[in-house]
Amino acid sequence: MTDAPKFITVEGGEGVGKTTQLGLIENRLRELGIPLLVTREPGGTLLGEQLRDLLLQKEGLAPTPMAELLMVFAARAQHVSTVIAPALERGEWVLCDRFTDASFAYQGFGRGISLDLIHQLAQLTHPKTNPDLTILLDVDPEIGLERARLRGELDRFEREAMPFFEAVRAGYLHRVKQEPHRWRVIDASIELEQVEQQLDTVLKEWIAREIS
Ligand code: Z5A
């Protein structure tokens, strides 16, 4: 195995199946005996989880786009400094449900905040801690939202209108174009079993390259 531990993130719009597929990735890595920390954003720390609750709250708070951006980065600053970077320093791999690409997609493309500003916040918050591999579970937002609706009550983001979700998806695909070597795109619109097969193949190929 290469000495350097890896930082893997999973991204996608609403109802793409991140939580479901994250479990598969975790199992594969653990089967290989890789020491692993699994975490999520917004969240992963006490402060981050409280900010997450505020961010997802359906009524009352209505953060402005800038307040929302600063909240996700406040959670991230705490998360990187106290959880992600220390784990990587200890030699553990980190698997994270969403990271800064979500801020580009949701706050940048979705809310219209300057991508340059988000880039600057990322540089300030985690200049040296960036994902080695990011898996995008890509799905038409109509399909993803339908899955989220079937699952239960919708959170504040899930109550947005369709153009917002289309912009978020475009944001992710833009990020893929900018750094194609880091991303693997999985078609998550198909049957769960087929999504798992695609993911398994992609993961095996990537790990085979990383582990000698
Ligand atoms: N956010 C942000 O704005 N800026 C940031 O920087 C960050 C985040 C980091 C919370 O994230 C919100 O924070 C998020 C963006 C914002 N927006 N929202 N909402 P989150 O990741 O915790 O929330 P989420 O996107 O809603 O994730 P989720 O609720 O965990 O959904 P999921 O992981 O994508 O899906 P799932 O729970 O695995 O699956 C959904 C349902 O679909 C479930 O019933 C599955 O059984 C079903 N499913 C999954 N795959 C399939 C297939 N292939 N076929 C059929 N059914 C399926």
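Everything that follows concerns the structure shown earlier in this document.
Fair warning: this is a prediction, and the values are worked out from it, not measured in the lab.

Procedures and definitions
- Residues numbered from 1 in each chain as written.
- Predicted model: local features only at pLDDT ≥ 70, side-chain atom pairs only at ≥ 80, totals over all residues.
- Heavy atoms only, no water.
- Buried < 20%, exposed > 50% of the residue type's maximum accessible area, 1.4 Å probe, protein only.
- Helix = DSSP H or I, 4+ residues; strand = E, 2+ residues; numbered from the N terminus.
- Pairing = 2+ DSSP bridges.
- Polar contact = N/O pair within 3.5 Å; in protein donor to acceptor, adjacent residues only side chain to side chain.
- Near = heavy atom within 4 Å.
- Areas by Shrake-Rupley, 256 points an atom, 1.4 Å probe, with all protein chains shown as cover.
- Nonpolar A, V, L, I, M, F, W, Y, C, P; charged D, E, K, R; others polar.

A. Summary view of unusual backbone geometry. With an omega of -15°, the peptide bond between E41 and P42 qualifies as cis. Unlike most non-glycine residues, A62 shows phi in positive territory, near 40°. Judged by relative accessible area, which is 62%, A62 ranks as exposed.

B. Fine view of the pairing of strand β4 (residues 133–138). With six of its six residues buried, β4 lies for the most part within the structure. Bridge count between strand β1 (residues 7–12) and β4: five bridges; the pairing is parallel. Bridging across to β4, G12 finds its partner in L137.

C. Expanded view of the side chain of T125. Along the polypeptide, T125 turns up in helix α5 (residues 115–125). Classification of T125 as buried rests on a relative accessible area of 16%. At a separation of 2.6 Å, a polar atom in the side chain of T125 contacts the main-chain carbonyl oxygen of L121.

D. Up close: the site of the ligand. Residues in contact with the ligand amount to 29 residues; listed here are only the nearest, E14, K18, T19, R52 and R98. Between the ligand and V16, the relevant distance is 3.2 Å, taken from an oxygen atom to a main-chain nitrogen or oxygen of the residue. Within the side chain of R52, a nitrogen or oxygen atom sits 2.4 Å from an oxygen atom of the ligand. Here the ligand loses 84% of its free accessible area of 1000 Å² to cover by the protein chains. The element best represented in the shell around the ligand is helix α4 (residues 100–110), accounting for four residues. Residues that form the shell around the ligand fall into these classes: 11 nonpolar, six polar and 12 charged.

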